[in-house]
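Survey of secondary and tertiary structure
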Amino acid sequence: MKAFDLIGNTPLVLLEHYSTDNVKIFAKLESYNLGGSIKDRLGKHLIEHALAEGNIRSGDTIVEATAGNTGIGLAIVANHYNMNCVIFAPEGFSEEKMNIMKALGAEVRRTPRSEGMLGARQQAQSYAEQYGAYYINQFENEQNPQAYVHTLATEILEQCPDITHLIAGAGSGGTFTGIASVMKEHQVRNIIVEPEGSILAGGEAHAHDTEGIGVEKWPPFLKRDLIDDIKVISDQDAFTNVSGLALNEGILAGSSSGAALQAAIDVSKQIEQGHIVVIFPDGSDRYMSKNIFNYGGKDYE
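Residues numbered from 1 in each chain as written. Predicted model: local features only at pLDDT ≥ 70, side-chain atom pairs only at ≥ 80, totals over all residues. Heavy atoms only, no water.

1. With respect to a nonpolar patch on the surface
- Together, M1, L6 and L34 make up a nonpolar patch on the protein surface, roughly 330 Å² of accessible area in all.
- For L6, the position within the fold is in the segment before β1 (12-14). (Patch = residues over 30% accessible without salt bridge, like charges linked within 9 Å, V, L, I, M, F, W, Y side chains within 5 Å. Areas by Shrake-Rupley, 256 points an atom, 1.4 Å probe, with all protein chains shown as cover. Salt bridge = Lys/Arg side-chain N within 4 Å of Asp/Glu carboxyl O. Helix = DSSP H or I, 4+ residues; strand = E, 2+ residues; numbered from the N terminus.)

Right, dumping it as structure tokens:
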């Protein structure tokens, strides 16, 4: 096995503390990917597809706007194929992710937090046009959902063939769309998780501390008919669950995982029987500077 082979085939574990005899909650631990997050799958697929289509080749430069995890995945894959990687990331996101991208050889350019991800996307596109780089554009790239159709969705069905509910966050929307499109064929109920400040459920866009999920406009490839429900989770609940997972399960997860867990807990209280699979996109190690274990200055037990 080579290091690059560590993208995919992540474990699915039972969350014993949060499950009952009739309703079991399983977590797909995407922090076990090579770069520590679910976005390694995306980076690998988007670059390899662009290579296969002849859109890029060894020695080219790729550019993307991202809060961090997609950039980490892209940097790993870019190195593998001898490419340069330039990342535009809004101020305010964890410095750990920025430093990891730099360690992997990516050039990281920060954009104003007030302009959000939309501002970072505009600058990434302008850079690509000016310097002839290849703009990945994960938020509108139709290949985004395909990164998960034949990998993550297949793995979940193999690991939990009797799944009844899928719970996944939405950032670019690709993870949810890719998995949900497969799960629909198996009569699985698909539930999106978003933080307060995201707009999918009709709320107003505003800043939030839960990283990696949440959108300012509806992703073009996020199909409404795949969505059975949307759970809007507060930052407080998300971060409280991060500490709970560490204490109760020994799982060190990121804030988007804490939000997803809250959605799973809410769903578990609404059903009498079922197997809920929830996606944990990354780990807590890259959010220590954000006080992930004492959000708001409070330690949770």
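Next, the rest of the story.
2. Some points on the UniProt feature "domain: Tryptophan synthase beta chain-like PALP" (unreviewed entry) in the protein chain
- Sequence positions flagged by UniProt for "domain: Tryptophan synthase beta chain-like PALP" (unreviewed entry) are, in local numbering, residues 5-282.
- Helix makes up 37% of residues 5-282 and strand 19%. Its end C-alpha atoms lie 18 Å apart. (UniProt positions renumbered as here; feature names shortened; annotations may be inferred.)

3. Structural notes on the sheet that holds strand β5 (residues 107-111)
- Taken in spatial order, the four strands line up as β5-β4-β3-β6 in an open sheet, and their pairing is parallel. With partners counted over all chains shown, the strands left at the sheet margins are β5 and β6 (134-135), one partner each.
- Bridge analysis of strand β3 (residues 61-65) against β6 gives two bridges, and the strand direction is parallel. Its bridge partner being in β6, I62 is matched across the sheet by Y134.
- Against the sheet, helix α3 (residues 95-103) engages β4 (84-90) and β5, with an angle of about 150° to β5. (Pairing = 2+ DSSP bridges. Contact = heavy atoms within 4.5 Å. Axes fitted to C-alpha atoms, helices over the stretch in contact; angles between N-to-C directions.)

4. Comments concerning the layout of surface pockets
- Here the second largest pocket is characterised by a volume of approximately 200 Å³.
- Lining the second largest pocket are 13 residues; nearest its centre among them are I7, R41, K44, A147 and T151.
- Those elements that place two or more of their residues in the lining of the second largest pocket are α1 (39-52), α5 (146-149) and α6 (152-159).
- Sort the elements by how many residues they give to the lining of the second largest pocket and α1 lands first, with four residues. (1 Å grid on protein atoms, 1.4 Å probe; cavity = no way out; pocket = protein on both sides within 12 Å on 5 of 7 lines; lining within 4 Å. Points joined across faces, edges and corners; volume = space filled by probe spheres on them.)

5. Brief notes about the side chain of N144
- Relative to the helices and strands, N144 is located in the loop between β6 and α5.
- A distance of 2.9 Å separates the side chain of N144 from the side chain of S172, its partner in a polar contact.
- Contact partners of N144, with chain neighbours within four places excluded, come to L42, L46, Q138, S172, G174, T175 and F221. (Polar contact = N/O pair within 3.5 Å; in protein donor to acceptor, adjacent residues only side chain to side chain.)

6. A closer look at the sheet that holds strand β9 (residues 229-233)
- Read across the sheet, six strands follow the order β1-β2-β10-β7-β8-β9 without closing on themselves; strand pairing throughout is mixed. Only two strands of the sheet have a single neighbouring strand rather than two, namely β1 and β9. Looking at each pair of strands side by side, their axes are set apart by 25° on average, direction ignored.
- Relative to strand β10 (residues 274-280), strand β2 (residues 23-29) runs parallel, the two sharing seven bridges. Along β10, the bridge assignment pairs A27 with V278.

7. Notes on the pairing of β5
- Here β4 runs beside β5; their pairing, made up of five bridges, is parallel. What sits directly across from P90, in β5, is T111.
- Between the parallel pair β4 and β5, the chain is carried across by α3, and the sense of this crossover is right-handed. (Right-handed = clockwise from strand over helix to strand, strands pointing away.)

8. Points about the packing of α1 against helix α2 (residues 69-80)
- Running from amino to carboxyl end, α1 crosses α2 at an angle of 50°, the nearest separation of the two axes being 7 Å. It follows from the interaxial angle that α1 and α2 lie oblique. Once α1 is placed against α2, the crossing between them reads as right-handed. Where α1 approaches α2, its residues K39, D40, L42, G43, K44 and I47 are matched on the opposing element by N69, T70, G73, L74, I76, V77 and A78.
- Considered class by class, the residues forming the contact of α1 with α2 number six nonpolar, four polar and three charged. (Parallel < 35°, antiparallel > 145°, perpendicular 65-115°, else oblique. Left-handed = near helix turned anticlockwise from the far one by under 90°. Nonpolar A, V, L, I, M, F, W, Y, C, P; charged D, E, K, R; others polar.)

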